[in-house]
Amino acid sequence: MSIDTTKAVVAERALTAGVAILNDIWGLQRDPEIASVAAAFDAGTVIMHNRTDVDPEIDIFDDLERFFEKSLAIARRAGLPDHRIVLDPGIGFGKSLQQNLALINGVDRVKALGFPVLVGLSRKSMIGKLLGAEVGDRLLGTLVLDTLALARGADIIRVHDVAEHAAARTLVEAVTRA
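What you are looking at is a predicted structure, and each value in this text was computed from that prediction instead of being measured.

Draft legend 1. Quick peek at the nonpolar core. Counting residues in hydrophobic clusters, the biggest one holds 43 residues, and the most contacted among them are Leu28, Ile47, Phe68, Ile85, Leu87, Val119 and Leu121. Secondary structure elements with two or more residues in this core: helix H1 (8–16), helix H2 (34–40), helix H3 (60–77), strand S4 (85–88), helix H4 (97–105), helix H5 (107–111), helix H6 (125–131) and helix H7 (139–151). For this core, the element with the highest residue contribution is H3, accounting for 8 residues.

Draft legend 2. Just the side chain of threonine 45, in detail. Examined against the element boundaries, threonine 45 turns out to sit in strand S3 (residues 44–48). Among the polar contacts listed, one links the side chain of threonine 45 to the backbone oxygen of alanine 43, at a separation of 3.0 Å.

Draft legend 3. Layout of the packing of aromatic side chains. Taken as a whole and assessed by the stated rule, the structure comprises 1 aromatic pair. Directly above the aromatic system of tryptophan 26 lies the positively charged group of arginine 30, at a separation of 3.7 Å from the ring centroid. Taking NZ or CZ as reference, arginine 109 lies 3.9 Å from the ring centre of phenylalanine 61, over its face.

Draft legend 4. Inspection of the environment of proline 32 at higher detail. By the secondary structure assignment, proline 32 is in the loop between strand S2 (21–24) and H2. Along the sequence, proline 32 and alanine 78 sit 46 residues apart, while their C-alpha atoms lie 9.7 Å from each other.

Analysis parameters
- All residue numbers here refer to positions counted from 1 along the written sequence of the relevant chain.
- Since the coordinates come from a predicted model, pLDDT governs what is reported: local features require at least 70, and pairs of side-chain atoms require 80 or more to be given and counted, while whole-chain, interface and lining totals use all residues.
- Side-chain figures throughout are based on the complete set of non-hydrogen atoms in the structure, without hydrogens or water.
- By nonpolar core is meant a set of buried Ala, Val, Leu, Ile, Met, Phe, Trp, Tyr and Cys residues that side-chain atoms within 4.5 Å join together.
- To sort residues, take the accessible area from a 1.4 Å probe on protein chains only and compare it with the maximum for the residue type: under 20% means buried, over 50% means exposed, and anything in between is partly exposed.
- Secondary structure elements follow DSSP: runs of H or I no shorter than four residues count as helices, runs of E no shorter than two count as strands, and numbering proceeds from the N terminus.
- Definition of a polar contact: a pair of N or O atoms within 3.5 Å, with one able to donate and the other able to accept a hydrogen when the atoms are protein atoms, and with sequence-neighbouring residues admitted only if both atoms are side-chain atoms.
- Between the rings of Phe, Tyr and Trp (Trp by its six-membered ring), a pair exists once the centres lie within 6.5 Å; its type follows the angle of the planes, with under 30 degrees stacked, over 60 edge-to-face, and the other angles tilted.
- Whether a charge sits over a ring comes down to the Lys NZ or Arg CZ being within 6 Å of the ring centre and within 35 degrees of the ring normal.

See the structure below:
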């Protein structure tokens with residue numbers, strides 16, 4: 001089980017109740033105590049990149065690397081070991097469509113930072129924009145983008161349609177092992 005929160009008090013309650021993974025959509029940068037809570041519970045911690053504003057002119061990889069440097073420094077100061085950390089490029093959070101696509105294509109660049117990478121693409125609005133599909137009709141687009149992310153090195157995908165994604169991952173792994 002995991003909890004998505006930016007608040008230390010919520011994280012502490014969830015971890016006390018047995019949640020094992022903390023996902024902070026602001027990369028430990030909003031609540032100064034959340035990293036300490038994660039460290040105290042030795043929780044798996046997803047550090048997600050986020051932006052308050054979409055700026056299509058910035059180099060999204062440079063922005064992401066600077067953001068993660070700050071987040072990782074916070075985690076380390078709190079005593080959260082690197083092996084408990086997963087990075088999430090935050091597809092759909094404060095990014096333009098082109099930046100989101102570049103991040104999917106560049107998962108290997110995120111992976112080069114030395115941490116496992118999680119991507120959450122399931123039913124994202126960008127799929128709707130690209131395919132003209134409503135939320136309930138985005139499975140095919142989700143499968144294609146998740147498969148591309150896996151092929152480029154993503155370690156974890158967050159999904160709604162588990163059986164379909166398990167089958168896709170089996171195929172990706174078979175091809176990459178060949």
